[in-house]
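# Structural overview for review
Next come the chains, spelled out residue by residue.
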Amino acid sequence: MLQPKRTKHRKVFKGRMRGKAYRGSTLSFGEYGLQATEQSRVTARQIEAARVAMTRHVKRGGKVWIRIFPDKPITKKPAETRMGTGKGGVEYYVAVVKPGRILYEMGGMDEQLAHEALKLAQAKLPVLTRIVHRADLSI
């Protein structure tokens, strides 16, 4: 699973997920992509599950790019612990996704195969997404 090799701070504030994604909102590498239409947190496990579903469907044909990285640590206190005594330990990492963000890109395959693979990835993710093509985004 994806996680940072080292971080400046072990634990971070919750933060907010307001606004749209201006960076990372266009296709940069592949011909087809998965674009978020709402904000959400995507865990490292969910990112990996979607990636595995896509690569297995295309049978290692073509190329898949992951455009998000889980760099935000999420903490959790142990079960049946009394209040106080500080913040809990880091449990997992998430990527904060805003509307418009491209999550995955695919290239080197026909449109139908890419569409089916991206549909499988959509089912693995907690965020509503739409499938975009490079031809649709060019103006």
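Presented here is an overview of the structure given in this document. (Residues numbered from 1 in each chain as written. Predicted model: local features only at pLDDT ≥ 70, side-chain atom pairs only at ≥ 80, totals over all residues. Heavy atoms only, no water.)

## So, the overall build of the protein
When you go through the protein residue by residue, the secondary structure sums to three helices and seven strands. Each of the three principal axes of the protein carries a C-alpha extent, and together these read 55 × 30 × 25 Å. Looking at the protein as a whole, 36% of its 139 residues are labelled buried. In the form shown here, the protein has an accessible surface area of approximately 9500 Å², with 50% of it arising from carbon and sulfur atoms. Side chains of the protein carry 29 positive and 11 negative charges; the gap between the two charge centres is 12 Å. (Helix = DSSP H or I, 4+ residues; strand = E, 2+ residues; numbered from the N terminus. Buried < 20%, exposed > 50% of the residue type's maximum accessible area, 1.4 Å probe, protein only. Areas by Shrake-Rupley, 256 points an atom, 1.4 Å probe, with all protein chains shown as cover. Lys, Arg positive; Asp, Glu negative; His and termini not counted. Charge placed at Lys NZ, Arg CZ, Asp CG, Glu CD.)

## A short note on the side chain of T129
Within the secondary structure, T129 sits in strand β7 (residues 129–133). Among the residues examined, T129 registers a relative accessible area of 16% and is labelled buried. A polar contact of 3.1 Å, which involves the side chain of T129, links it to the side chain of Q122. When neighbours within four sequence positions are excluded, T129 is seen to be in contact with L34, Q35, A36, T37, L103 and Q122. (Polar contact = N/O pair within 3.5 Å; in protein donor to acceptor, adjacent residues only side chain to side chain. Contact = heavy atoms within 4.5 Å.)

## As for the packing of helix α1 (residues 44–57) against helix α2 (residues 111–124)
Their axes nearest at 8 Å, the elements α1 and α2 cross at an angle of 155°. Judged by the inter-axis angle, α1 sits roughly antiparallel to α2. Between α1 and α2 lies a crossing of right-handed hand. Across the interface between the two elements, Q46, A49, A50, A53, M54 and H57 of α1 pack against L113, E116, A117, L118, L120, A121 and K124 of α2. (Axes fitted to C-alpha atoms, helices over the stretch in contact; angles between N-to-C directions. Parallel < 35°, antiparallel > 145°, perpendicular 65-115°, else oblique. Left-handed = near helix turned anticlockwise from the far one by under 90°.)

## Some thoughts on the sheet that holds strand β4 (residues 72–76)
The sheet built from three strands is open, its strands ordered β2-β5-β4 with antiparallel pairing. Whereas interior strands pair on both sides, the edge strands pair on one side only; in this sheet they are β2 (40–43) and β4. Averaged over all pairs of adjacent strands, the angle between their axes in this sheet comes to 50°, without regard to strand direction. Seen against the sheet, α1 touches β2 and β5 (89–97) and runs at an angle of roughly 70° to β2. (Pairing = 2+ DSSP bridges.)

## Notes on unusual backbone geometry
Here E80, not a glycine, exhibits a phi torsion of approximately 60°, which is positive. Counting through the fold element by element, E80 comes out in the loop between β4 and β5. Non-glycine residue T85 carries a positive phi angle of around 60°. Residue placement: T85 occurs in the loop between β4 and β5.

## Considerations on the sheet that holds strand β3 (residues 63–66)
With respect to topology, four strands assemble into an open sheet ordered β3-β6-β1-β7, the strand pairing being antiparallel. Both edges of this open sheet fall to β3 and β7, since each of them pairs with a single strand only. Adjacent strand axes in the sheet meet at a mean angle of 20°, parallel and antiparallel pairs treated alike. Where strand β1 (residues 32–36) meets β7, five bridges bridge the pair, whose relative direction is antiparallel. Paired with Y32 across the bridge in β7 is H133. α1 rests against β3 and β6 (102–107) of the sheet, and its axis sits at about 20° to β6.

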